[in-house]
Amino acid sequence: MGAFESFADFLAMNGYAFYVWLSYGLAFLLIVALFLWSKWQRKSIEQEIVQQQQVRNIRQQQVNSEMKL
Amino acid sequence: MLSANNLTCIRNQRILFEDLSFSINQGSLLYLKGPNGAGKTTLMRSVVGLNQLQQGKVELDQQPIADCGDNVLYLGHKPAVNEWLSAEQNMQHWCNLKNQQIDILALINKVGLAGLHDVPVKFLSAGQKRRVALSRLWNSNAKLWVLDEPFTSIDVKGVEVLNALFARHKSQGGMVMVTSHQDLPTNVVDEVLSLEYRF
Amino acid sequence: MLSANNLTCIRNQRILFEDLSFSINQGSLLYLKGPNGAGKTTLMRSVVGLNQLQQGKVELDQQPIADCGDNVLYLGHKPAVNEWLSAEQNMQHWCNLKNQQIDILALINKVGLAGLHDVPVKFLSAGQKRRVALSRLWNSNAKLWVLDEPFTSIDVKGVEVLNALFARHKSQGGMVMVTSHQDLPTNVVDEVLSLEYRF
Amino acid sequence: MFKWLHPYAKPEKAYQLSLAFQRFFMPLAICGLIVGCIWGLVFAPTDYQQSDSARIMYIHVPAAIWSMGVYMSMGIAGFCALVWQIKLLEISVLAMAPIGAAFTAIALFTGSLWGKPMWGTWWVWDARLTSELILLFLYMGVFALFQSFDDKRTGAKAACILAVIGMINVPIIHYSVEWWNTLHQGASITKLDKPSIAPSMLWPLLINIVSVLCLFIAFTCYRFATELLRAESHRKWVLEILGK
Amino acid sequence: MSFSSFFIQSIKRDFQIAAIQKHEFILPVLFFILVIVLFPITVGPDGTMLSRLASAVGWIALILSMLIALPRMFAEDFENGWLEQVFLSGVPHSLIVLSRIVSFWLLYCLPLVFCSFLLVPFMSMEVGLWSVLVQTLLLGSILTACLGAVASALLVASRKGGGVMALLLIPLLVPSLIFAGAAMDAAQQSLPYTAPITILAALAVFSLTIAPLATAQALKLNMG
Amino acid sequence: MSFSSFFIQSIKRDFQIAAIQKHEFILPVLFFILVIVLFPITVGPDGTMLSRLASAVGWIALILSMLIALPRMFAEDFENGWLEQVFLSGVPHSLIVLSRIVSFWLLYCLPLVFCSFLLVPFMSMEVGLWSVLVQTLLLGSILTACLGAVASALLVASRKGGGVMALLLIPLLVPSLIFAGAAMDAAQQSLPYTAPITILAALAVFSLTIAPLATAQALKLNMG
Ligand code: HEM
Ligand SMILES: Nc1ncnc2c1ncn2[C@@H]1O[C@H](COP(=O)(O)OP(=O)(O)OP(=O)(O)O)[C@@H](O)[C@H]1O
Ligand SMILES: Nc1ncnc2c1ncn2[C@@H]1O[C@H](COP(=O)(O)OP(=O)(O)OP(=O)(O)O)[C@@H](O)[C@H]1O
Ligand SMILES: [Mg+2]
Ligand SMILES: [Mg+2]
């Protein structure tokens, strides 16, 4: 298997497992987080726009911004 | 019944009012008049206990006003509204403070802010901000309302609604004390107290 | 002559006004009406150039308004008065800014703050604070006055005086643009512009 | 070139184009990263000096390089936006800032995880590291500034101003920090003066560098489209798109 | 409303406001990091030197970020009139103030204390020493929040506040700094450091009992 | 009004307000002193160590205390509407800003530079070195005031103050910190130190020409 003798060796990374895997993990995590965040942002903006449109429609039906008892 | 006896306030070595006594009966409205700087605001703040008086005491139903907590509603020049929060959140906090359970969105509709419930108050117009503050009148359980220039920035129709609110509150046995530089309709006003500008 | 052409403003994805054009002739007063939140304040700030418009331009005597500096006097919701300074100091700074040499104590008398000239504005009543801001109308050299709810907190006599001031300014060939929720006397108003609340 | 670009200056077209770009580059980036990482982690030879900790390189170096690259493109976009008053570019600055910040953070984390076994500490105040940290602050500043405006349009303009100021400052910071360090300490860690690496290690590195670039492009396009929707939300085309 | 629910509601409100001014939570943290970064850049990247400075840096960053935040402790609620409405509503005044102090501490001080962990990598501080620093910072931040509340209440409307703030904060902060320094010194030399920490704790408890009363009085005075 | 008289009048106004609101301008000075006092307390009374730190402490104290003062640079005038009136009055906008920068520098920075004299007794600094420090501080404070004006103007409408301010400001100040450090080092070793000081001066002049324009733009942006 590539530069390693066994899969266990590969996981152990010559004793540097912690550093190597943590750094790859963190990098992966950050990228995924950025991706999810962007997705979430997009969704919330879409919702916001649709909602705003609805509100506008509702208000047009209500027609007034007057105080009532 | 609200009774204020022998109130005296001296500000900056100037006597604003001296030995002033008045009372408001159940179901009546006191219209406090006077030119700018006469001491109307000071008098109102003294009545609700936000101002140290040189002399005199105020009682609501024979109790000192300081103990009347939720029976008094004072709305002054300052709106008591956080600019960063939305109208809805502001109203929610007020209800929490006053321990009320009400339908806030309905209230927002009533004060004419429909559709603006989640906009930070900062972005509302002057009159809309004022409406957020005045929304407290709608579901108030307080017997005594003390309102300092409530009509500021409110449009003509809004003023009518407020007057109708006063009438309703009076009919339910409430008491109202109002100042304004815009005249109130005569059918709402029961008593008038005029403060003069004293030198 | 002030001419505003094709003004459009969108706030918070809401169109406040679109393709609005109007003009104010020499010696006339434009009364801007509308319910709360219609966009009166926004329009006024756009006219004096404090607000970026989506579209449209404003000219005073064929000059873009941005170059008219001292020919425009805008008094908005914010008083432009430092609360820690006294009325006298505030007025002095204003005169310095506008390069006027006037008798400030006389002005203080005129706006009805006699005896309060050295009190920090913080300690004045709401109406008195407002008077400090409005004192700028008395000796103004500006051709165009843009006043946003000038009557707020001002007592009845004060409102009369302000109306008289508008009349005087008009008779001297000035232009005035006013909003207010209190009606102006008909003899002062030349034109009315109504803004609707749009959704 | 401007003629060719002109139709795309319309928000609608730009929206479509950016989404198309995103659809093209995203798979490319993902495939590239998978290939590069597996090559680097499994097949590349073990470094004779640093042993297997050197495998961090395949993620550290691309992130570090593009953390700067993103800032340069952000600064340039901001500059053009301010000079030619192009609204679309303003928006693109905002789209890029968080991506750059993420790359910078990755470079910092992986670098510091590499540093612990190699130098024995998580952190030293070396010129390169210090300027990378400051770069992170610059990114955060751009984003925080944008967030602290209530009006998104003005916020975007302000962010552009800061991005440009930052771009002027990045080289100044870089060289001054370098000077500062040599002045106090003498050269401490010369990680750049290594013998050029073997091709068997270079290939996965190059693949990763390119695919991180693709990732950057894909993310930027996606976020750009989102920001565009927000900025144009009162326009008809937005509602049409969302209505579908 | 029962007092405990008032307490919780009012802390919730403060958190809500902080959450809207979004970065409020992250900013102290960022600020802390920036202050820490300033030191190696000016002092130079010498590890032993930096590690000797570490605890001082922690304290300075704490006090500074609190000084930036303190003037706004009551300012907003006072200016928009919310505070007078709460004072009118019949809740004990010192409870109102206490809830504000608590939410302030949670919002501005606690994150900083956590962040002081960054001193370990950035200023080569030992982890053992850091844990002592955290204790002093926790107590010190309570003390600062309490004293700061009084000062901030005095400042909120009166213009004579400046002198008072100075007179109040500095003389009380300097002793607590000395005790904190003593604790750190002792810990560095592996001596017992409970005595100075106990004194700090006593100061914190004392200020926690006195400050709400004094602050409520000061606010009342300022309302007119 | 002629521009020069506007300039003088507006500086006068700022001084008048500062004289009334004393606390605003005492607080940064006090903080400066506090930082300087804090170091001997926490680091311990080791003379040589302290004297090595002295110049760095002076700089850090300067930057940190300016961070306290900067958020208020335009806040008040912006909130009460004075600033928009001045912007409307036809005076060049960058002149308005420049006058504020100058008055800010006179009110908040100059006192700090004077106070840095405290380093001589407290941190056993040599007087000769201190005079070099003062030169770097003078130039550095101009730079900080200019960059701070931009930051403060950008943030004037969002009351985020301190945290974002630090985030915007400190990264930009790194070069000047480094050059100041270089000057101090050279002076300590009795080498000529004009080169870094000249660079600092160049940076200061550069920022003094650019900052007013950027600040005016930023304020305009915030007015709506
Ligand atoms: C927190 C710690 C670290 C940071 C912030 C950091 C930052 C950077 C940056 C910004 C680059 C890009 C250089 C350029 O393109 O000009 C880079 C490249 C590199 N770094 Fe790091 N680094 C860190 C730790 C390390 C460590 C511990 C090692 C290995 C011992 C290392 C090895 C490398 C290598 C080999 C390169 C590629 C150099 C080249 O461009 O050819 N880094 N690093
Ligand atoms: N900074 C802002 N950002 C977003 N929306 C705003 C902003 N300022 C005002 N608005 C919105 O624009 C509308 C018009 O506001 P404006 O202050 O112009 O009203 P107005 O006609 O002056 O009302 P009033 O009579 O209450 O003073 C309001 O509905 C408000 O929600
Ligand atoms: N905190 C204070 N300290 C000193 N004097 C004060 C203070 N507050 C008010 N005054 C003075 O008391 C007088 C009355 O003020 P007050 O606000 O009660 O007037 P008002 O009748 O409400 O006027 P307005 O119609 O303008 O609101 C004013 O002349 C003012 O100068
Ligand atoms: Mg009043
Ligand atoms: Mg208005």
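Residues numbered from 1 in each chain as written. Chains lettered and ligands numbered in written order. Predicted model: local features only at pLDDT ≥ 70, side-chain atom pairs only at ≥ 80, totals over all residues. Heavy atoms only, no water.

The name given to chain D in an unreviewed UniProt entry is Heme exporter protein C, with Catenovulum agarivorans DS-2 as the source organism. Turning to chain D, the UniProt annotation filed under Function (unreviewed entry) states: "Required for the export of heme to the periplasm for the biogenesis of c-type cytochromes." UniProt annotates chain D under Sequence similarities (unreviewed entry) with the comment "Belongs to the CcmC/CycZ/HelC family." (UniProt positions renumbered as here; feature names shortened; annotations may be inferred.)

As annotated in an unreviewed UniProt entry, chain A carries the name Heme exporter protein D and is attributed to Catenovulum agarivorans DS-2. Turning to chain A, the UniProt record has this under Sequence similarities (unreviewed entry): "Belongs to the CcmD/CycX/HelD family." Heading Subcellular location (unreviewed entry) of the UniProt record for chain A holds this comment: "Cell inner membrane".

Quick notes on the overall build of chain A
When helices and strands are tallied, chain A shows 2 helices and 0 strands. Here chain A holds 69 residues, and 26% of them are scored as buried. Approximately 4400 Å² of chain A is accessible, and the part contributed by carbon and sulfur atoms is 62%. (Helix = DSSP H or I, 4+ residues; strand = E, 2+ residues; numbered from the N terminus. Buried < 20%, exposed > 50% of the residue type's maximum accessible area, 1.4 Å probe, protein only. Areas by Shrake-Rupley, 256 points an atom, 1.4 Å probe, with all protein chains shown as cover.)

Topic: the nonpolar core
Core analysis: the largest hydrophobic core is formed by 399 residues, its most contacted members being F22(B), F166(B), F22(C) and F166(C). Examining the composition of this core, we find that 17 residues originate from one element, helix α9 (residues 162–188) of chain F, more than from any other. If near-sequence neighbours (up to four positions away) are discounted, F22(B) is found in contact with L2(B), S3(B), A4(B), L7(B), L30(B), L43(B), V47(B), M177(B) and L193(B). One finds L19(D), I91(D), L228(D) and L229(D) within the second-largest nonpolar core, a separate group that totals 16 residues. (Core = buried A, V, L, I, M, F, W, Y, C linked by side-chain atoms within 4.5 Å. Contact = heavy atoms within 4.5 Å.)

Overview of the site of ligand 3
Every one of the 20 residues lining ligand 3 counts as a neighbour, but K40(B), T41(B), T42(B), S125(C) and G127(C) are closest to it. Ligand 3 sits at a junction of chains, with neighbouring residues supplied by chains B and C. Between ligand 3 and G127(C) there is a distance of 2.6 Å, counted from an oxygen atom to a backbone nitrogen or oxygen. Expressed as a share of its isolated accessible area of 630 Å², the protein-covered part of ligand 3 is 89%. At the level of secondary structure, the elements contributing two or more residues to the shell around ligand 3 comprise β2 (14–24) and α1 (40–48) of chain B together with α4 (126–134) of chain C. (Near = heavy atom within 4 Å. Polar contact = N/O pair within 3.5 Å; in protein donor to acceptor, adjacent residues only side chain to side chain.)

Concerning the arrangement of the chains
Here 13 pairs of chains are in contact, and chains A and D lead that list by number of contacts. Note that chain A does not reach chain E: the shortest distance linking a C-alpha of one to a C-alpha of the other is 15 Å. The two units chain A and chain F never meet; even their closest C-alpha atoms stay 22 Å apart.

What to know about the coordination of the magnesium ion (ligand 4)
All of the protein donors around the magnesium ion (ligand 4) are T41(B) (OG1) and H77(B) (NE2); their distances to the metal are 1.9 to 2.5 Å. A residue pair is termed long-range when its members are at least 10 positions apart, and T41(B) in helix α1 and H77(B) in the loop between β6 (72–75) and α2 (87–98) qualify at 36 residues. (Donors = N, O, S within 2.8 Å, 3.2 Å for Na, K, Ca; no water.)

Remarks on the pattern of salt bridges
Scanning all chains against the criterion turns up 22 salt bridges over all chains. When the shortest N-O distance is used, the salt bridge between E84(E) and R45(B) registers 3.2 Å. Taken together, the residues span two chains, with E84(E) in helix α5 (residues 82–88) and R45(B) in helix α1. By the burial criterion, E84(E) is buried, and R45(B) matches it. With a shortest N-O distance of 3.1 Å, D190(C) and K170(C) are connected by a salt bridge. Of the two residues, D190(C) is situated in the loop between β8 (175–179) and β9 (191–194) and K170(C) in helix α5 (residues 156–171); the sequence distance between them amounts to 20 residues. Residue K170(C) is classed as buried on the basis of its relative accessible area of 12%. (Salt bridge = Lys/Arg side-chain N within 4 Å of Asp/Glu carboxyl O.)

Points about the packing of aromatic side chains
Within this structure, the stated rule accounts for 23 aromatic pairs over all chains. Seen from their ring centres, F18(A) and Y19(A) are 5.1 Å apart, and the 80° between their planes marks the pair as edge-to-face. Measuring from ring centre to ring centre gives 5.2 Å for W123(D) and F122(E), while their planes differ by 55°; the resulting arrangement is tilted. One end of the pair, W123(D), is in the loop between α4 (87–119) and α5 (127–147); the other, F122(E), is in helix α7 (residues 119–122), on a second chain. Per residue, the accessibility class of W123(D) equals that of F122(E), and both read buried. (Phe/Tyr/Trp six-rings, centres within 6.5 Å; stacked < 30°, edge-to-face > 60°.)

Describing the interface of chain F and chain D
Residue-level contacts link 17 residues of chain F with 24 residues of chain D. Here chain F is connected to chain D by 0 salt bridges. Our enumeration of links across chain F and chain D arrives at 0 residue pairs in polar contact (both at pLDDT 80 or more). Every element with two or more residues in the side of chain F that touches chain D is listed here: α9 and α10 (194–223) of chain F. Counting residues per element, the side of chain F that touches chain D draws most heavily on α9(F), which supplies 11 residues. Taken together, the residues of the side of chain F that touches chain D break down into 13 nonpolar, 2 polar and 2 charged. (Nonpolar A, V, L, I, M, F, W, Y, C, P; charged D, E, K, R; others polar.)

As for the environment of R13(F)
Summarising the element assignment, R13(F) is placed in helix α1 (residues 3–20). Looking at R13(F), the relative accessible area reads 4%, which means it is buried. Taking the C-alpha atoms as reference points, R13(F) and I63(F), separated by 50 residues in sequence, lie 25 Å from one another. Aside from chain neighbours lying at most four places away, what touches R13(F) is N82(C), H93(C), D77(F) and W82(F).

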